[in-house]
Amino acid sequence: LLGLCLGLTGWYLFLWTPASLYTAPVANPQWGSVLALLYPLSVGYAILRYQLFDIRIVIRKGLVYSLLTAVLTAVFLLFSSLIGTLYQGLTGQQSLLATLIPALLIAFLFLPVRNRIQSFVDQAFFRRDVQARQTIAAFGQELSTLREHDEVVRLVLDTVTKTLGTREAALWSQVGDEYRTITKREPRSLSTETNLISWLTQEQRALLRRPDECSPHTDELGQLGAVLAVPLLCGGRLLGVLTLNEKRSGDLYTQEDLELLTTLAQNAALALENARLHKERLAILRQQLAQVTMAQEEERRRIAQELHDGVGPAMASLN
């Protein structure tokens with residue numbers, strides 16, 4: 001909008017208004033084309049700045065296939081020229097092989113060269129996206145091997161602080177009617193009736209506290225010493241809350257950070273639910289084992305009582 005307003009304002013002030021008054025324009029009419037450049041430039045800036053129309057995907061694919069075309073074309077021309085020169089030097093004639101052999105070579109090289117260029121473009125221009133995918137993959141792989149609640153919590157906190165550079169993070173797990181966490185200082189708890197928990201349960205999305213924002217749920221988040229709260233949801237239920245302090249670098253959390261944290265929180269919620277079910281399963285097994293052991297002890301006492309009161313005296317009288 002700013003670019004369009006500037007372009008239209010310049011056009012009306014310096015060209016259209018003087019022409020309508022039959023006076024010489026303030027600026028050279030040729031500069032009208034320069035003013036018109038503000039329109040595509042402003043639209044292009046908006047698309048790149050705010051990542052509109054999936055422009056990152058378009059740029060990524062455009063870079064990959066542009067480099068791929070350039071490399072394969074150079075290889076094709078090089079081999080065509082080399083084979084054609086060698087064949088003509090040996091036989092004195094031109095041959096279709098000078099075109100056919102490089103074309104077959106390009107067909108074999110297409111997929112491996114494309115994969116190499118794809119990897120190069122990702123590492124050079126989209127390193128953050130690659131790191132996010134690697135973090136999610138490693139996080140999910142480690143979660144699949146964990147069964148205990150404390151192990152899941154430790155992995156979540158270590159991954160978050162290492163990946164995002166957070167000063168301190170805490171994971172609040174639901175225990176009865178409250179959410180508890182064990183920090184380095186002391187155990188803390190949050191009631192399910194607080195504004196923060198109610199907001200996260202209703203909105204089911206991350207809450208980022210901004211300096212100019214004032215509301216009951218953001219105030220409670222600030223009282224916890226955190227600037228970001230991410231809900232851990234499973235089947236629409238709020239199993240826990242992940243709170244984060246500021247980054248050690250002082251940078252603000254970006255939209256990419258929120259998307260990464262949301263994905264990690266979803267995986268962590270499933271892992272916590274599995275840990276809870278595993279704990280309940282173990283408790284049921286222990287209870288069943290205790291019941292079986294108690295039944296065995298009762299049977300042993302009954303047999304011992306019968307031997308003492310019935311079989312023993314009968315054997316003694318028979319003797």
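Structure's up top.
Overview of the structure. (Residues numbered from 1 in each chain as written. Predicted model: local features only at pLDDT ≥ 70, side-chain atom pairs only at ≥ 80, totals over all residues. Heavy atoms only, no water.)

### Structural notes on the nonpolar core
Alright, step 1. Counting residues in each nonpolar core, the largest one holds 30 residues, and the members touching the most others are Val 156, Val 160, Leu 228, Leu 232, Leu 242, Leu 244 and Leu 261.
Alright, step 2. Elements with a contribution of two residues or more to this core: helix H6 (127-143), helix H7 (149-164), strand E1 (169-175), strand E5 (228-234), strand E6 (237-244) and helix H10 (255-318).
Alright, step 3. No other element matches H10, which puts nine residues into this core.
Alright, step 4. Ignoring anything within four residues of it in the chain, the contact list for Leu 244 reads Val 160, Leu 164, Thr 166, Glu 168, Ala 169, Ala 226, Val 227, Leu 228, Tyr 253 and Leu 261.
Alright, step 5. Grouped together as the second largest cluster of nonpolar side chains are 15 residues, Trp 172, Leu 200, Leu 221 and Val 241 included. (Core = buried A, V, L, I, M, F, W, Y, C linked by side-chain atoms within 4.5 Å. Buried < 20%, exposed > 50% of the residue type's maximum accessible area, 1.4 Å probe, protein only. Helix = DSSP H or I, 4+ residues; strand = E, 2+ residues; numbered from the N terminus. Contact = heavy atoms within 4.5 Å.)

### Section: the pairing of E5
Alright, step 1. Taken across its seven residues, E5 has six buried, putting it largely inside the fold.
Alright, step 2. Note: strand E4 (residues 207-208) against E5, two bridges, orientation antiparallel. By the bridge assignment, Leu 208 is partnered in E5 with Leu 228.
Alright, step 3. One ladder, built from seven bridges, connects E5 with E6; its direction is antiparallel. In the strand pairing of E6, Leu 228 is matched with Leu 244.
Alright, step 4. The turn joining E5 and E6, which pair antiparallel and follow one another in sequence, is formed by two residues; a positive phi near 65° is taken by Gly 235. (Pairing = 2+ DSSP bridges.)

Honestly, it's all geometry; don't read function into it.
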